[in-house]
Amino acid sequence: MPDHVSIVPFAVLTGAVVLGAVAMMLSRNVVHAAFWLLEVMMAVAGLFMLLSAGFLALVQVMVYAGAVSVLMLFTVMLTLRRREDAERPLDLSAASFGLAFAFGLAAATAIGSLPGARVRMPAHAPGVAEFGALLFSRWALPLEIASVVLLIALVGAVWWTGGEDR
Amino acid sequence: MGSWALIAPEITLLATALLVMFSDAVLRGRRRAGAWLGAVGALTAAGLALWAGQGEVTPFGAMLAVDGAAQAARIATGLLTAVFLVWLAGKGLGVGRVRHAATLVLLSSLGSMLVASANDWVVLFLALETATMPLYVLVGFDRDSERGLEGAMKYFILSMVTSVTMLYGLSFVLGLSGTTAYAGARVGGGAMGLFAVALVAVGLLAKLSAAPFHWWAPDAYAGSPASSMAFVSTVPKIAGVVALVRVADVLAPQVPGMRVILLAAAVASVLLGNVAAFPQRDVRRLMAYSGVAHVGYVLLALGSGSGLGPGAAAFYVLAYAVPSMGVMLVAADEGTDLETLAGLVRRRPWMASALAVFLLSLVGVPPLVGFFGKLYVFQAALDAGLAWLAVVGVLMSVVSAGFYLRVLQAAFFSQRASAVPEDLERTHAADVAIGICVAATLLLGVAAAPLLTMPGVALR
């Protein structure tokens, strides 16, 4: 695997992540903000693809772009009564900027303190197929247990929401 | 024996749960047939656990460990599930469909069996979720009762938050040791190791509703049907304690702070549980607090660090679960208030005697099983040179006698005889289930006593 990624897709995706995040913060309507967040998550999935982490990109799309953002939209849908409620105030006070600056400084310090050694890309990045093969051989038992957990959630949800036999 | 053959009990429970869920399609008109089917399945699973538990093997690439402790816990879980389902077949839950409740009970039992033999952090986490997920629904099984749903919600939120906390801790354990297998756990004695172990302990202690993670219990117990609490508050804890024994076995030698955490939780649980149970007038609330106290004794044995500790802890949880289930089943039958229990001895003398056996065992009166449980716990504490802890435990047992005996006083010596609930249904199945609990409470202590005092047998 090459130690470099091509600059054009990287610039496009990074720009999409950063600009999307800024747009999310600036949009007054929470539904618009949720959609900007969705855009950021998709762009991050693209960055994962660029780094040959196919499975991570898939999970990013399915869990974050799929489940989490839909959950947010459902929450908005179920909690806001009127269209005007979706508008949120934009806080431009010095305190909020100070907080954002402090967070940025902390994150930059943490990243800066990491050992600066160049990490070599592995010769071969395992793909989705290898991941799947491992999941259904060595990790078959945990996979089956997880499926039972989902079954339980289904039975419980049916019981709590079912209409008959009250 | 192949890996899949060793989890035959779990597979049986899953198959039974699916059968029970759709039993209405076949057994039309027989509402409670599903629970009978479930009881047969749970009994079969217990038998298979006996058969599949010989020796010490680690199937699925050491993701599970089927050893003596796992075998004992799986058999106990299967048998107690069967007893509960027999009771359910006789009485129903008062609300809702029996087959849904039976399905959830079987699935929780399946999760508990996996918890008991988990030997890998991923399996432990998933199995704990499998064991507790059905419990939220059982706590809020009366879906028209706001109090029940409130209790279920509190339980759900606490359980989820602590599960995620535990997962966070496990991520550190994985990062420090590089593998998810128990055998490869290397957390080191540093601050990072202590941090990881503390977070993992939070998750496990919360699943056992030890203090300070107990606050959901009284509301959840009091809001839900006493019958469903008979299962929720007892059976899953058996496997939970065995899992904690196994985790402490792996982590405590590396991180000495783990014993301090366990002992702190033990002292808090024993003191808080027993003192807070005192003023309760609802049997379910009383049992909720007393459950916290009993988990405290388990942690006391485990945290003592004595070689007797793990065996004492595993035996104690059994000595708690059987009579506790009995008390809740009697309460489900005869009323959950001290007022409604008044004059029980004139109404149903046998049921009152059963209640007396259960409560005296929970106090720790010889020769009942609770006495032996406490004996081993205090022995472990003394063995580790923690005499003051044993003294605290004994003193708190005396306090516990106060509130347990108040229930008995209401049942036996109250002049006011309360009216029998009109819709009370009397079935042989329910009496048989309570009878089995009585027999186990009377005999288990005597039967297990020689086993546990033998050197080197102490369950592990």
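Only a predicted model underlies this, so the values are computations on that prediction, with no experimental measurement involved.

What counts and how
Within each chain, residue numbers correspond to sequence positions counted from 1 in written order. As a convention, the first chain written is A and the first ligand written is 1, with the rest following in written order. Confidence filtering applies because this is a predicted model: local features only for residues at pLDDT of at least 70, side-chain atom pairs given and counted only at 80 or more, and all residues used for totals across whole chains, interfaces and linings. Side-chain calculation: all heavy atoms of the structure are included, whereas hydrogens and water are not. Runs of E in the DSSP output that reach at least two residues are strands. Runs of H or I that reach at least four are helices, and both are numbered from the N terminus. Taken over C-alpha atoms, the radius of gyration is set against a globule rule of 2.2 Å times the number of residues to the power 0.38. Per-residue accessibility, obtained with a 1.4 Å probe over protein chains only, is compared with the maximum for each type, and a residue is labelled buried under 20%, exposed over 50%, and partly exposed between these values. Whether two residues touch is decided by their heavy atoms; if any such pair falls within 4.5 Å, the residues are in contact. Computed by Shrake-Rupley with a 1.4 Å probe, the accessible areas treat only the displayed protein chains as cover when residues are assessed. The convention is simple: Lys and Arg are positive, Asp and Glu are negative, and His and the chain ends are not counted. Positions of charges follow a simple convention, taking NZ of Lys, CZ of Arg, CG of Asp or CD of Glu. Here a cavity denotes a set of grid points, spaced 1 Å apart and computed over the protein atoms alone, in which a 1.4 Å probe fits but from which it cannot get out, and a pocket denotes an open set meeting protein on both sides within 12 Å along at least five of seven lines; residues with an atom within 4 Å of a point are reported as lining. Grid points are joined across faces, edges and corners, and a volume is the space filled by probe spheres set on the points. All amino acids are sorted into three groups, where Ala, Val, Leu, Ile, Met, Phe, Trp, Tyr, Cys and Pro are nonpolar, Asp, Glu, Lys and Arg are charged, and the leftover types, Gly among them, are polar. Put simply, buried area is the surface a 1.4 Å probe can reach on two separate parts but cannot reach once they are joined, added for both. The working definition used for a salt bridge is a side-chain nitrogen of Lys or Arg within 4 Å of a carboxyl oxygen of Asp or Glu. In protein, a polar contact means a hydrogen-donor-capable atom and an acceptor-capable atom, both N or O and within 3.5 Å, with residues adjacent in sequence counting only if both atoms are side-chain atoms; elsewhere, any N or O pair within 3.5 Å suffices. Patch membership needs two things, relative accessible area over 30% and no salt bridge, and members are linked within 9 Å if like-charged or within 5 Å if nonpolar (Val, Leu, Ile, Met, Phe, Trp, Tyr). The pLDDT value expresses, per residue, how confident the predictor is, ranging between 0 and 100.

*Asks:* What exactly am I supposed to notice about the overall build of chain B here?
*Replies:* Within chain B, the regular secondary structure consists of 22 helices and zero strands. Computed over the C-alpha atoms, the radius of gyration of chain B is 21 Å, within 12% of the 23 Å expected from 2.2 N^0.38 for a compact globule of 460 residues. The proportion of buried residues among the 460 residues of chain B is 64%. Restricting to contacts in chain B with at least 6 residues of sequence separation, those with at least 24 account for 79%. For chain B, the accessible area works out to roughly 15,800 Å², and carbon and sulfur atoms hold 70% of it. With 27 positive and 22 negative side-chain charges, chain B shows a separation of 2 Å between the mean positions of the two kinds.

*Asks:* Would you mind showing me how to read the layout of surface pockets here?
*Replies:* One water molecule sets the probe size; rolling that probe over the atoms shows where empty space is left. Space inside the largest pocket adds up to approximately 810 Å³. Within the residue set of the lining of the largest pocket, elements represented by two or more residues are α5 (128–135) and α6 (140–161) of chain A together with α8 (121–139) and α9 (146–177) of chain B. At seven residues, the largest contribution of residues to the lining of the largest pocket is made by α6 of chain A. Broken down by class, the residue content of the lining of the largest pocket amounts to 19 nonpolar, three polar and no charged.

*Asks:* Sorry if this is basic, but what is going on with the interface of chain A and chain B here?
*Replies:* Interfaces are frequently sized by the accessible area removed from exposure as the parts join. Opposite the 21 residues of chain A that make contact, chain B presents 34 residues. Together chain A and chain B conceal approximately 2,500 Å² of surface at their shared face, both sides included; 76% is due to carbon and sulfur atoms. The largest contributions to the chain A side of the interface with chain B come from Leu141, Trp159 and Trp160 of chain A, which together make up 31% of the buried area. Inspection of the chain A/chain B interface yields zero salt bridges. For the interface between chain A and chain B, the tally reads three residue pairs in polar contact (both at pLDDT 80 or more). When its residues are assigned to classes, the side of chain A that touches chain B shows 13 nonpolar, three polar and five charged.

*Asks:* What is the right way to look at a nonpolar patch on the surface in this model?
*Replies:* Residue and element names in this part refer to chain A. Together, Val18, Val22, Met25, Leu26, Leu90, Leu92 and Phe97 give the surface a local cluster of nonpolar side chains, amounting to about 670 Å² of exposed area. In terms of residue count, the dominant contributor to the nonpolar patch is helix α1 (residues 7–26) (four residues). Within the secondary structure layout, methionine 25 lies in helix α1.

*Asks:* What am I meant to see in the side chain of arginine 74 of chain B here?
*Replies:* Residue and element names in this part refer to chain B. Secondary-structure assignment places arginine 74 in helix α6 (residues 68–91). For arginine 74, the side chain forms a polar contact with the side chain of glutamate 10, separated by 2.8 Å. Once you skip the residues sitting within four places of it in the chain, arginine 74 turns out to touch Leu6, Ile7, Pro9, Glu10, Ala49, Val66 and Met113.

*Asks:* Looking at this model, I keep getting lost on the confidence of the model for chain B. Mind explaining?
*Replies:* It should be kept in mind that the predicted coordinates are not to be read in detail where pLDDT is low. On average, residues of chain B carry a pLDDT of 87, and 93% of them reach 70 or more. Overall, residues 454–460 of chain B carries pLDDT values under 50, and its contacts beyond four positions in sequence, including any with other chains, amount to 15 contacts.

*Asks:* Looking at this model, I keep getting lost on empty space enclosed by the protein. Mind explaining?
*Replies:* All names here are of chain B. In the structure shown here, the tally under the stated rule is two cavities of 30 Å³ or more. In this structure, the largest cavity occupies an estimated 170 Å³ of space. If you trace the largest cavity, you find 19 residues lining it, with Thr132, Leu135, Lys207, Pro236 and Lys237 closest to the centre. Elements that contribute at least two residues to the lining of the largest cavity include exactly α7 (98–117), α8, α10 (191–207), α11 (216–223) and α13 (235–251). Residues of the lining of the largest cavity, tallied by class, amount to 12 nonpolar, five polar and two charged. In this structure, the second largest cavity spans a volume of roughly 40 Å³. Forming the walls of the second largest cavity are His294, Tyr316, Ala319, Tyr320, Ser361, Leu362, Gly370 and Lys374. When contributions to the lining of the second largest cavity are tallied by element, the ones reaching two or more residues are α16 (309–334), α19 (349–363) and α20 (369–383). Broken down by element, the residue count for the lining of the second largest cavity peaks at three residues, all from α16. Classifying every residue of the lining of the second largest cavity gives four nonpolar, three polar and one charged.

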